[in-house]
Each structure stands twice: as C-alpha cells, then as structure tokens.
Amino acid sequence: MTLLQVSNLSVDFFTTRQIVHAVRDVSLAVAAGERVGLVGESGSGKTTTALALMRMLKPPGRIVAGSARIGDLDLVGLKGPAIRAARLKTISYIPQGAMNSLSPVLRVREQMLDGLADHGIRLSAREAKARVDDALAGVGLAASVADLFPHQLSGGMKQRVCIAIAMMLDPKIIIADEPTSALDVISQRQVIQTLHMAQKRIGCGMVIIGHDMGLMAQATDRIIVMKDGRIVEDAPTRRLFAAPQHAYSAELIESVPTLGSRPSRPSGERPAAGAPFLELTGVSKTFGGGLLGGDSKQALAPIDLRIDAERPRVIAVVGQSGSGKTTLARIMLGLEPPSEGQFRYRGQDVSQLSVPERARFRREVQAIFQDPYASFNPFYRVDHALLMPLLHLGAAGSRTEAREAMEAACRDVGLNPREVLGRFPHELSGGQRQRLMIARALALKPRLIVADEPVSMVDASLRMTILNNLRALRQEHAISVVYITHDLATAYQVSDEVIVLYDGRLVEAGAPERVIEKPQHAYTRALVSAIPWPDPDRNWPLVEPDRASWNQPAVVQPGATCLG
Amino acid sequence: MLVLIGRRIVMVVAVVWAAATLNFFIPRIAPKNPIAEKLTQLAGTSGVDPTKIQEMSQAFGARFGLDQPLLTQYLRYIGDMARFDFGQSITKYPARVSDLIGEALPWTLGLMITTTLLAFLIGTLLGAAAGWYRNSKLLSVVSPIIMVFSAIPFYLLGLVLIYIFASRLGWFPVSGGYGLTSVPEWSWDFAVEVLQHATLPALSILIASVGTWAIGMRGMMVTVQGEDYMTFAEAKGLKPSRLFYRYGMRNALLPQVTALALYFGQIVTGAVLVEIVFAYPGLGSLLLDSIKLFDFPTIYGIVFILTLTVALSMLLVDLLYPLLDPRARVGR
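Residues numbered from 1 in each chain as written. Chains lettered and ligands numbered in written order. Predicted model: local features only at pLDDT ≥ 70, side-chain atom pairs only at ≥ 80, totals over all residues. Heavy atoms only, no water.

Caption draft 1: Seen up close, the environment of Ser-98 of chain B. Residue and element names in this part refer to chain B. Mapping Ser-98 onto the fold places it in helix α5 (residues 97-132). On the accessibility criterion, Ser-98 (29% relative accessible area) is partly exposed. For Ser-98 and Phe-278, which are 180 residues apart along the polypeptide, the C-alpha to C-alpha distance reads 24 Å. The residues contacting Ser-98, other than those within four sequence positions of it, are Phe-84 and Phe-86. (Helix = DSSP H or I, 4+ residues; strand = E, 2+ residues; numbered from the N terminus. Buried < 20%, exposed > 50% of the residue type's maximum accessible area, 1.4 Å probe, protein only. Contact = heavy atoms within 4.5 Å.)

The structure is reproduced here in structure tokens:
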C-alpha cells in the first residue's frame, strides 16, 4: 500500500543572481513498512526534498511544481496552521546532526511532550509519564533518560531520543536525514536497528537519507539515487547492488572500501639507524585536576610509539569518539604537552627544543584536519595558506622557489595548479580543498603527516582519491602518515599498522591483515562486526555488544611497534 | 557543590585583595600631595597664608598617617579595608568616608540597577524579535533608530533631554536627586519627587543602552536559528510562540546573561558622567570630586566598594548560571 506518493516535485532557489533548480521533477513512492534510501552527494537535493515535504524550506527556496500525497492530504497544498498540524502527526523528520538535534537547556521529557501539547493533546501527569516511558522503551532507552539533559547522553542515545520523539504521534512517514553521521560504527548499528524496530511497531514508511552505500545496503529495501536534483535510479536495494543501471550508482557502490582485498604494496623497509624520528615513551595525558580545575580525566593512558624517518609507514589510529585518538594526534603535533612520559623528536625532548629546532619540527611534522571547509581563512586566496609555511619555516629560499614547490605539490595530489591556485576557498569543492591541504603539507617536505579524519566530511566518491593521495605520500615521498579515523574499512585499505584505542587505552595493535581480519581483542571484534557491508545479502549481526569484555588487557599482535 | 562554592568565595577574596592592593599603590605613583592640594585650594578661596602650606601639610600628613613608611601604611590600609573603615575624608574633613559612600550609594544603585535591568529586558526582547522576524517592516525601521541611539554617548543624550524636557517644556526638573528645599524622608511626596528627578537620567541611560543589548541578542538569535535543534523543533510542529520563547530565546539568552553580569561591574563608573550632567548626588559625582582633589581615603573607599560589587556580582552569576545552563552544572 503506497503511503507517500510524490509526483513531479520541483524546488527552485530564487537567488539574486539566478534561479537554482535544486530539485527537478522528482517522483517517488513509499509503501507502508518500506524503507527507502535516498542517496547522493552533498548538493544533490536529498535534504531539500525532505524539507520540501516537511514544508520547511526557507526563502529563497520554494516548491514550484508537483504534489506530495499522504492519503487524501496533499502536503504541497497545505496552508497556514494545517502545515504545522501535519508535522509529527502525519510526517516526521529527524534532521542531520544527531549531536545537536536536542535543545541543550531543556530536559528530554519536556522535549518529548511539547510536541504533543502543541498538537492539542492534553495529558494528566500520569498519562504523560506513561507516554514518555513507552516511547523511550520503544527505542531501547531506560525511563530515567527522560529526566536528563542532552549533554548527559551519548551521541547514539541522543539520536535514539530523536527517533522516539519522531514516533510519538505514530506518523505515516518518517524521514531520517543522515541518522548516523558523526556516530561510530557500534552506535551506528544500534541506531539503525532502533529505527527498524520502531518502524515495525507503528508500521510507517521510512526514508533514510545518506551517502554511505555500505550503510544503505544494510538499512534499506529500496534505494533512490539522486544527482544534481534529479533521480537517476530507483531500484530495490538488492538489484541496485547486483546490477546498477546508471554509471553514477555504480561509481557510488565502487567507492565503498571493503575488507579482504588489500592493494599489495612494496615493503621497502630499510633498517632504522640512529635515533628514531619521533618517539613516544610512556606518554599519557590527563585533563583537569590541579588547583582550580575540577575532576581530572585521563584522556590517554601511557602509550609507546616510534616512527623512523628511514622506514615510512601509514599508521591508522581507530576508535570511537572519546577514545583518545585526537589527544594522541595533538601530542604528536606538539600542540599538547604530555602529562607524563617522554616525547622525543630526533632524540631530543620536544619540550626542550631550541627555536630553530622547533621550526624544523614544525616543518617536518604536518597536520591535515577533519574539516576542509574550516581549514582555510576565507579572506585569503588559497595560495596564502600554501605559501605562508613555505616562506616562514625556511622550506623555500625565495618566493619563486616557494611558488614552484607549491605547484609541484598540487600536481602530486592530482590537482591542476592553474585550476585551483589563485582562487578563494569558497570557489573550490570540499574534495579540492582537502587535497590542497595535503599539497600544503607535502610542499614542506615533511617526514610525518598527522591526518585527523581527513575524509569524514568529503563526499563518498572522492574518499578513495584522497586516501590514495595519502598512500602515495608514503610510497613516493617516503613520508609516514598517522591516519586517525573511526572507519575501519579505510584504515584497512591504507595502513601498514592499525592501533585500536578504547576509552583512552590501547586495546590492540598490529598489521591490518591481523587486527582487522583476525581481531583478538573483544572490542576490535565488536568494531569489525559492526562495519556495514555494501552487500544486502550479508547480514549485519544483531547481537548487542558485551561491553564488559572490552576491558580485557591489550593485545599486541606480532610485528606491532606500538605498545600500551 | 559546597567545595565549589567555597573555592569561588576564596577566589572572590583573592580578587578583592589584589584589586585593593593595586588601588593602594597606583594613586601613590602620582607626584601630588593631597593635603597641599586642598590647602592650596583653600588658600585661593579663603585666604590661608600660602607660606604656611608646607608646615600645615606636614602636620596634616602626620594626622592622616601619610608620613609613615609605605609598608606600614599598606598594612594599616588592608586592615582598615577588611573592616570597612575607610577613615576620614581629606577634602570633606571630618566627615567619615563610609558615611559619604553610604549617602551616595543608594542613589547610584537605585538609578543604575533599575535602568540597567529595564534596558536589558527591553533590548533583549527587541533584539530577539529583530533576529526572528527578519522580514518585518516595523522592525526594519525601529531597529536602526535604536542602533543609532546606542552610538550616542549617554551624557550627550542627557544634555539633549535636559534641553527639551526640562528647559523648554519644563516637564521634569533640570538637575539633582530631589528638590533643593526638600529634606530626604520616607514619604509619598518625596518618593514622587525622587522619581521625577530620576526620570531624565534614567531615560538617557535607557535610550543609549537598549541598542547594545538588542544588537547582542539579535546576533545570538540569528545564530540559534541555524542550530539543528531549531530545525528539529520546527519539524515537531511546535507553535511559533513556543519556538520563539522556549527554544529560540531560551538558548540565545545565555551569553546575554554573562554580558549583563560583566556590565554590572561598570555600573558606577558608567554613571559618573550622567551624574555630573544631572548633578545627581550619587557615587559617580563623589568619585570625581575625590579624584580631582586627591582625596585618597575617599578614592580607596569607593574603589574598594566597586571592586567588592564587581566580585560579588560575578560570584552571583557564577552561582546562578548553572540554573540557566545545565551544561555548566558540576557532575551530573
């Protein structure tokens, strides 16, 4: 039975300069109990379609044609208060950004009940409590969660609260916009399972917006692929993966990294001579405490790690948010002094480097950050970001020399210097910016690049290109890379060694073939089993992880250089 | 929690002590002798023999303890401050500084606290509305006018108000805290008189500061509208009024409250010029007189009271803020 029937929906944005056709002639249907995936790159019109159905488009965006029927109701034709009445009751929307979808200053209970109150539902205190308890139980949360504030919940719990809220009035259609972005694989699987469970209970139709084809394979019955505001393919999930009709669908499916087939690579190892390039000995970090601070928290338990300039490697650091990955990166970049232990650069304690030595350290250890949109100063042309370090860290003698180094670095990451240089950051795509960031680091001829989630904000189709850029750093330029991520599949693809962190501790280290294909530690096993496979026939195991077992001692596989 | 409050109170004491210490040493860097200043002034007006000034100033120096070594003076000063004993005024000798401050403080606090809270309330509401209804015709006219007024210093605004409403129209008295012939007392008539006198100074401060609050709130409101929780709240089908107050304003208010706390610290200093323009009998006028004549005890007393007000209002905000923002609560 078709619940939602969208016909020829078009949305235009009337900007001062031109009319942008954000959604063009979109027709789709969602049946009761069906799960439809809406995939495509950023800017393809997925979220705009959802907002149009919710009638939440902000000016200058406007629905210019089409209809969207749920039963007798045409969402596009609604006017005034009827629009508000349809939200939550007929169609629910869970926006992107699970971390911030709840107001930080109101208790969960109030945010669950105010929607009911504004739909004219009067409840006694006891009835209200029963409704809230029920809704929370429906997403597998304890009743006590209602009395908490959002900051007291984990990202996965917040998203489950949002699902509970969206389900409170048993809507016909639920749209979940990137419901698991910013969540680690374990929470991601829980959230998707919660969505399925809740949907089964109320029998609604569901639209899941996303760009991760692995997740889509596991979470949907049918997939609609969008590109430039149009639907390019609409097929059952199984058929789409087996035989994609449109080239773009095929490209999306191929861009998902999988386990089992790793590109072979030359070992090219030479014995290390002299002092290691970087050496961490028993390095740990504790935040807080002290005279005026509050409670102290150990962000990173003592860890040993060494990187040799003669033996470049790609080391992947994986773990959930809060596992200490970023703390480790900040210590290695010299941005954060370790609380305990020794951090040496070419045999010398980093805290005691002289000024010229420190400049050399800064030049030889480079960073690439998560958000390519925030990595550039929007007021300067991108050349500025590339030239400054070249000129100030003594990597280039003259401006001409610096310019040549900059252009060579652009070519090394596969960008045409003529196309990208001399432009402002907002004129370039996220992928181009992130590759420019790699070029910036590369131009300085560093020995180590620390990349913190370098592809998590880049469209799926560009991810592998950027990761291959990182691999090339090691193979062609003999640069070591510390690749920080929560995505095990990409870690498996690009690294020579994987380090798994949990709650600030090292739990497993070793070659990716061992750590990810044959994990020994219970936590690593939980992570690996939670990876969504881009194969609808391969089931996501539905077992609840046994968290107690994650506290077992660290497993250091043969050949690992990192010690907890 | 108690440990936290205890720690905050220790901080307040430390801040007040540090400020009091600076307060003691800074005026002493100025190469002026307050007693000689006062005597010279007297010599001009009432015919004291200028040649005797040296001698007299030494006698007075001994009287006020200014001939002691600096450290002795400092220790005695700290002890006195702790007991709120600021000694006697040099310029209004033998009046006690604590009495002078006691007389002036209620005028300043009454005027400034009322106007500040009122300006905060009006400005915040206005700014919230301006940030929310960005297409409103009315607000697009009102907002710029208010912004322009906020750019005019309030003493200048005060002069304009005096000219129009006191001098030309005669609706309000020109200056003072109460009529020249009345004596302060607890009566209806006197209260009306005080209100009449306070209207123009209050109005000048109000008009000039509403815009500042409005600008801050407008910016925050626009930021908050871009937050994910606003999108979700809208998707829940909430009423516009609930979106505006409970979700929008409630979140946008947090930085405003911090700003208010900081602003309270400047209340008295901010009042100085207004009090001068309107000859208002407050702390600002008293401070200005004392600085002009290097009346150390009065300056110390006032600055000490100011420091204490700032530190206490910060303490108050520190303790109240967690009620507004659950994220600032300690532990769970």
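Caption draft 2: A look at the packing of aromatic side chains. Residue and element names in this part refer to chain A. Applying the stated criterion across every chain yields a total of 23 aromatic pairs over all chains. Each ring, one from Tyr-523 and one from Trp-550, has its centre 4.9 Å from the other, and the planes form 75 degrees; the classification is edge-to-face. Remark: Trp-550 occurs in the loop between α19 (522-529) and β21 (555-556) and Tyr-523 occurs in helix α19; sequence separation between them is 27 residues. Of the two residues examined, Tyr-523 and Trp-550, each falls in the buried class. (Phe/Tyr/Trp six-rings, centres within 6.5 Å; stacked < 30°, edge-to-face > 60°.)

Caption draft 3: Local environment of the sheet that holds strand β16 (residues 365-368) of chain A. Residues and elements named next belong to chain A. Taking strand neighbours across the sheet as the criterion, the seven strands line up as β16-β17-β18-β13-β19-β20-β21 in an open arrangement whose pairing is mixed. Lying at the two open borders of the sheet, with one neighbouring strand each, are β16 and β21. Pairing between strand β17 (residues 448-452) and strand β18 (residues 480-485): five bridges, direction parallel. Opposite Leu-448, over in β18, you have Ser-480 as the bridge partner. In this fold helix α11 (residues 355-364) packs onto β16 and β17, with an angle of close to 45 degrees to the strand it touches most, β16. (Pairing = 2+ DSSP bridges. Axes fitted to C-alpha atoms, helices over the stretch in contact; angles between N-to-C directions.)

Caption draft 4: Representation of the layout of surface pockets. What the second largest pocket holds in volume is close to 1200 Å³. Considering the residues around the second largest pocket, the lining is formed by 34 residues, among which Met-56, Leu-57, Lys-58 and Pro-59 of chain A together with Glu-234 of chain B are closest to the centre. Where the lining of the second largest pocket is concerned, the elements lending two or more residues are α1 (46-54), β4 (61-70) and α2 (81-86) of chain A together with α9 (228-235) and α10 (240-265) of chain B. A per-element tally of the lining of the second largest pocket places α9 of chain B first, with four residues. Broken down by class, the residue content of the lining of the second largest pocket amounts to 17 nonpolar, eight polar and nine charged. (1 Å grid on protein atoms, 1.4 Å probe; cavity = no way out; pocket = protein on both sides within 12 Å on 5 of 7 lines; lining within 4 Å. Points joined across faces, edges and corners; volume = space filled by probe spheres on them. Nonpolar A, V, L, I, M, F, W, Y, C, P; charged D, E, K, R; others polar.)

Caption draft 5: Main features of the state of the cysteines. Throughout the structure, instances matching the rule amount to zero disulfides over all chains. There is no disulfide at Cys-204 of chain A, and the cysteine sulfur nearest it, in Cys-162 of chain A, is 16 Å away. (Disulfide = S-S within 2.5 Å.)

Caption draft 6: Representation of the pattern of salt bridges. All names here are of chain A. Tallied over the full model, the rule gives 24 salt bridges over all chains. Measuring nitrogen to oxygen at the nearest pair gives 3.9 Å for the salt bridge that ties Arg-360 to Glu-364. Here Arg-360 pairs with Glu-364, and both are found in helix α11, just four residues apart, close to one helical turn. The network of salt bridges with common partners includes Glu-34, Arg-222 and Asp-234. (Salt bridge = Lys/Arg side-chain N within 4 Å of Asp/Glu carboxyl O.)

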